Amino acid sequence: MYAKVIVDVPAKQTNRAFDYWIPEPMREWVAVGSRVGVPFGPRKLQGFVVDIRTQVDYDPAKVKPIAEVMDVYPPLTPDLVELARWISQTYLCHEITALQAMIPGALKAKYERHVKVAEHAADGRSAGTNVGGSGGQHLLLLPEQLDILRYVREKGTVEIGALLQKFAANGGLVKQLMLEGLLLEVQMIKDRMAAKKVLTVIPPDQPAQLLQRAEELPARSAKQKEVLRYLAEHPFPIKLSELLHELGTSAGTVKSLAEKGWLAIEEVEVFRDPYAQRSFRRTEPLALMPEQRHVFGRISEAVQDERHQVFLLHGVTGSGKTEVYLQSIQTCLDLGREAIVLVPEISLTPQMVERFKGRFGDQVAVLHSRLSHGERYDEWRKIMLKQVRVVIGARSAIFAPFTRIGLIIIDEEHESSYKQEESPKYHARDVAVARAVQHRAVVVLGSATPSLESMYGTMRQPSLTGTPSGAAGGNRLNDAAAAVSAAGLHPSVQADAPSNEAPLQPQGAAIELLTMHNRVEGRPLPRVHIIDMREELREGNRSMFSRSLYKAIEERLHKKEQTVLLLNRRGYSTFVMCRTCGYVAQCPHCDISLTFHQSSRAIRCHYCGYAEREVTVCPSCSSEHIRHFGTGTQRVEEELGKLFPGIRVIRMDVDTTTEKGSHEKWLTMFRNRQADVLLGTQMVAKGLDFPHVTLVGALAADTVLNLPDFRAAERTFQLLTQVAGRAGRHELPGEVFVQTYAPEHYSIVSASRHDYKSFINKEMTLRKLHEYPPFHRLILITLSHEQIPLLMRTAESLAARLKELAKSLAPLPVEILGPVASPIARIKDRYRFQCMIKYRGEASISGLVRQAAAAFEDMEKQHKLTISIDVDPQVLM
DNA sequence: AGCACGCCGACT
DNA sequence: GTCGGCGTGCTC
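Residues numbered from 1 in each chain as written. Chains lettered and ligands numbered in written order. Predicted model: local features only at pLDDT ≥ 70, side-chain atom pairs only at ≥ 80, totals over all residues. Heavy atoms only, no water.

**Observations regarding the overall build of chain A**
Thinking step 1. The number of helices and strands found in chain A is 27 helices and 34 strands.
Thinking step 2. Each of the 877 residues in chain A was classed as buried or not, and the buried ones make up 53%.
Thinking step 3. Restricting the contact set of chain A to residue pairs at least 6 apart, pairs at least 24 apart contribute 75%.
Thinking step 4. Of the accessible surface of chain A, which amounts to about 39,600 Å², a share of 51% is contributed by carbon and sulfur atoms. (Helix = DSSP H or I, 4+ residues; strand = E, 2+ residues; numbered from the N terminus. Buried < 20%, exposed > 50% of the residue type's maximum accessible area, 1.4 Å probe, protein only. Contact = heavy atoms within 4.5 Å. Areas by Shrake-Rupley, 256 points an atom, 1.4 Å probe, with all protein chains shown as cover.)

Rendered as structure tokens:
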């Protein structure tokens, strides 16, 4: 038998499967999805098995055997292997990159070079005797060299780095021994993190015997008797450390019993459970409101039919989407199938976790970035070992190694954080649809402000001719591309399918729209006031608080109610400027202004981390009129303190939430009403639910609007709607103040009226007019290099090449825009140029782009030029 | 990505 | 004459 293996080298030339022979004894351990160690040229590398065959396509005489199998159970399921291929084709990345993204970081290969003592050096066992060299020639070994050999022999194998460190004074000798063949190099592939194991005492099958045995022991073995009696009474495996603590004895006591064979001590895998300390109050399903009942009905029907379908659940904030998710998941579990819930990283709060753990108990695994490497790995292991059936997590949880997925929920589906910014630059929403096709699972996209892409999907008519995806035998991924497009997320996505079978018309059912207009228990949406800050300024108010917001905060302080203040920092640089000459502190390595950080009193670059001391004298004109521009949360906090002496403010931003668990700490404090105001960036807008919040203020609602991004209006509308939804979720009614310099902008007006429909109509019209997504699709190609001339030349010829190739697709509209300098024209001393491809979805374009980029392969290698391709970019910077 | 092979300049 | 520069190509 042979295996096709994708090796751990992310390069164009190695972006294909290599054939290896599977030695007979390994046969039962090697499967599609296995991690294996394979010889590759002179090295040993990790790889993933993507196929198993009886024949090879390569000269059988040259096929090498697999060197080792890394895991007892393959860490990837066959469907994930297939999905990785789809991702690599759709998002134009190396297949290995997609595969690696699917396993936890703990399983990333760590390559170690070890040495062992060569067998023919074995005669040199005793010190002082010199060993024979390979040619029968007698080499004189120095005593130091014998020391090294003896040390390595004792240890078995030693990592080269460690050996060199140990014998630092004689580093040359180690090398010499290796050259002479007395030390052999062994390459090892290690996991970054192993499962955590704990010594555990296992009682025998018949614990009753233990009492008997205790009698037989001599009187002086009191401690041993005690251990036996304890185990007879509690005949369950127990941690050795716990047992010792319980009985106040030492390990020797238990060990001697183990040596007699009366009990066993084993290493048992334990799971680091980040939620172990907490108990979750069990919750029962809540009664559903009529709208919720209808939505739940549609979803659970589809789940029960085991048919692939995508729903878009548009529910206003506070309409009870989570309860619908919970009950739908229950339906799915009752059918013996598994569920994945994706949540934006930022809203994966303990509160959210609690709701799922409360309903499904230890059936739930949680995956998010704040877990340590080990914790994350353990949660993942629980999924793989089928100890849980529900996963809640951020973007990458879409790769949970389940085998019978029935339901995938994507909460806040409009969030741009579902798009990964590093390779593989996948969108979890699209991957979810592809994965759901494989499993014939249902996808629920939930949001109070659905993305235009998803909304567009609901507007498409189901095709008359197409068979519904997931129908008989259709459970394959080549349908997935069609399904993603049929789902309408994009006009059409095509995995690099041979063009003869590429369906040009999307087929299958479109997204079904489900709507919930009402908040639970008929609570009204909060009243939203738009405050024109231009007018405030005209009337002499130069503070960042309008008079009405000031009054509203004052009122809340009196009534002992709470306030949430949002300061949207995006697009709001807190740059440092000299008021005399206009000098602005810039990063010397990037084309971006440095931002001021109060906590460290430093100015630093967000892109490369460059930092310098705060400047008090202008380096350009020596003036002392240096001002920190932009309204950072720190300044708002200061001003609050001045305006309302004694006010208790919790500030949440990058500066205060980097520490592990700090996020949670602040929110708990606020919940316990230990503060009057929660002030923060985007992170205060998402998913939080505090009963005593009756006032929400957006201090500068329109900062995003000024960014050169076609999604600016959409982002603004979403953010304002989300943050407004934080007010008045419980008994107390809420009120919202939106401060802006663009009070007539449709995104702000619609958000203030809670009018999603008028917003979407306006925005759709504009997008269509300007040929932007979702009507057209984009691919952003960014080139970077240290020197502008070479960079420009390459970018020009890449664009020319693309235009050339695009002609072959005529008459399908494919436009090549650029090259132009990127919005941030230099990062880390590298200049950046970009080209944008704008096309209608019917065009199968990924192959074309790859072809064009491939022509510049040698440029990349020779001149250290980098080309990065972003399919469906979310952020155009 | 590594690593070897291979073809042209400054040294013993 | 050789050591070594890094361009080119391969890894089952």
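**Overview of the sheet that holds strand E27 (residues 649–652)**
Thinking step 1. Spatially, the 6 strands line up as an open sheet ordered E20-E30-E29-E21-E28-E27, and their pairing is parallel. Strands at the two margins of the open sheet, each flanked by one partner only, are strand E20 (527–532) and E27. Sheet twist, expressed as the average angle between the axes of neighbouring strands with direction ignored, equals 15 degrees.
Thinking step 2. Relative to strand E28 (residues 677–680), E27 runs parallel, the two being bridged by 4 bridges. Across the sheet, the residue bridging to Met652 is Gly680, located in E28.
Thinking step 3. Against the sheet, helix H18 (residues 547–559) engages E20, strand E21 (562–566), strand E29 (693–698) and strand E30 (735–740), with an angle of about 155 degrees to E29.
Thinking step 4. Across the sheet, helix H21 (residues 662–671) is in contact with E21, E27, E28 and E29; its angle to E27 comes to roughly 155 degrees. (Pairing = 2+ DSSP bridges. Axes fitted to C-alpha atoms, helices over the stretch in contact; angles between N-to-C directions.)

**Some details on the sheet that holds strand E5 (residues 64–65)**
Thinking step 1. Spatially, E5-E2-E1-E4-E3-E6 is the arrangement adopted by the 6 strands of the open sheet, whose pairing is mixed. Two strands close off the open sheet at either side, each with one partner strand: E5 and strand E6 (68–69).
Thinking step 2. Bridging between strand E2 (residues 18–21) and E5 involves 2 bridges; their strand directions are parallel. What sits directly across from Trp21, in E5, is Pro65.

**Some remarks on the protein's contact with DNA strand C**
Thinking step 1. Every one of the 15 residues lining DNA strand C counts as a neighbour, but Gln13, Asp19, Gly41, Tyr58 and Lys64 are closest to it.
Thinking step 2. The sugar-phosphate backbone supplies 44% of the atoms of DNA strand C found within 4 Å of the protein.
Thinking step 3. Measuring from a base nitrogen of DNA strand C, one finds a side-chain N or O atom of Gln13 at 3.0 Å.
Thinking step 4. Lys64 places a polar side-chain atom, nitrogen or oxygen, 2.2 Å from a phosphate oxygen of DNA strand C.
Thinking step 5. Within the residue set of the surface near DNA strand C, elements represented by two or more residues are E2, strand E3 (35–40) and helix H27 (857–863).
Thinking step 6. Its residues placed into classes, the surface near DNA strand C shows 6 nonpolar, 4 polar and 5 charged. (Near = heavy atom within 4 Å. Polar contact = N/O pair within 3.5 Å; in protein donor to acceptor, adjacent residues only side chain to side chain. Nonpolar A, V, L, I, M, F, W, Y, C, P; charged D, E, K, R; others polar.)

**Observations concerning the packing of helix H11 (residues 321–334) against helix H12 (residues 350–360)**
Thinking step 1. Closest axis-to-axis distance for the H11/H12 pair is 11 Å, and the angle between their directions is 35 degrees. Relative to H12, H11 is oriented so that their crossing is right-handed. Taken together, the residues of H12 that come into contact with H11 (itself represented by Thr322, Glu323, Leu326, Gln327, Ile329, Gln330 and Leu333) are Arg355, Phe356, Arg359 and Phe360.
Thinking step 2. A breakdown of the residues in the contact of H11 with H12 according to their chemical character gives 5 nonpolar, 3 polar and 3 charged. (Left-handed = near helix turned anticlockwise from the far one by under 90°.)

**Details of the confidence of the model for chain A**
Thinking step 1. Overall, the prediction assigns chain A a mean pLDDT of 84, with 89% of residues at 70 or greater.
Thinking step 2. The least confident element of chain A is helix H16 (residues 478–486), whose mean pLDDT is 67; the most confident is strand E14 (residues 338–342), at 98.
Thinking step 3. When the criterion is pLDDT under 50, residues 123–138 qualifies, and its contacts beyond four places in sequence or with other chains add up to 23 contacts. (pLDDT = per-residue confidence, 0-100.)

**A short note on the pairing of E28**
Thinking step 1. Covered by surrounding structure in E28 are Val677 and Leu679 together with Leu678 and Gly680, the residues of both alternating faces.
Thinking step 2. Inspection of the sheet shows E21 paired to E28 by 4 bridges, in the parallel sense. Counterpart to Val564 in the pairing with E28 is Leu678.

**Some thoughts on the state of the cysteines**
Thinking step 1. All chains considered together, the criterion is met by 0 disulfides.
Thinking step 2. You can see Cys581 has no disulfide; the closest cysteine sulfur is in Cys621, sitting 3.6 Å from it. (Disulfide = S-S within 2.5 Å.)

**Comments concerning unusual backbone geometry**
Thinking step 1. Ser423 connects to Pro424 through a cis peptide bond whose omega is -5 degrees.
Thinking step 2. Considering the arrangement of structural elements, one finds Pro424 in the loop between strand E17 (405–411) and helix H14 (428–439).
Thinking step 3. The amide bond that connects Pro773 to the next residue, Pro774, takes the cis arrangement and shows omega of 5 degrees.
Thinking step 4. Considering the arrangement of structural elements, one finds Pro774 in the loop between helix H24 (756–769) and strand E31 (777–785).
Thinking step 5. Phi at Leu92 is positive, roughly 55 degrees, even though this residue is not glycine.

**Thoughts on the UniProt feature "binding site: Zn(2+) 1" (unreviewed entry) in chain A**
Thinking step 1. The UniProt record annotates "binding site: Zn(2+) 1" (unreviewed entry) at Cys578, Cys581, Cys618 and Cys621. With the annotated positions falling across 44 residues, the maximum pairwise C-alpha distance of 8.6 Å places them together in a single cluster.
Thinking step 2. Summarising the element assignment, Cys578 is placed in strand E22 (residues 576–578).
Thinking step 3. The class for Cys578 is buried, based on a relative accessible area of 0%.
Thinking step 4. In contact with Cys578, other than residues within four places in its own chain, are Tyr583, Cys618, Cys621, Ser623, His625 and Ile626.
Thinking step 5. Considering the arrangement of structural elements, one finds Cys621 in the loop between strand E25 (611–613) and strand E26 (626–628).
Thinking step 6. A relative accessible area of 31% places Cys621 in the partly exposed class. (UniProt positions renumbered as here; feature names shortened; annotations may be inferred.)

**Description of a nonpolar patch on the surface**
Thinking step 1. Together, Trp29, Val72 and Tyr73 make up an exposed nonpolar region whose accessible area comes to about 330 Å².
Thinking step 2. By the secondary structure assignment, Val72 is in the loop between E6 and helix H1 (78–90). (Patch = residues over 30% accessible without salt bridge, like charges linked within 9 Å, V, L, I, M, F, W, Y side chains within 5 Å. Salt bridge = Lys/Arg side-chain N within 4 Å of Asp/Glu carboxyl O.)

**Quick notes on the nonpolar core**
A general trend in soluble globular proteins is that nonpolar side chains are found buried together.
Thinking step 1. With 122 residues, the main nonpolar core has Ile87, Leu678, Ile781 and Ile837 as its most contacted residues.
Thinking step 2. In terms of residue count, the dominant contributor to this core is helix H25 (residues 788–807) (8 residues).
Thinking step 3. Residues Tyr325, Leu333, Met352 and Ile409 belong to the second largest nonpolar core, which totals 33 residues. (Core = buried A, V, L, I, M, F, W, Y, C linked by side-chain atoms within 4.5 Å.)

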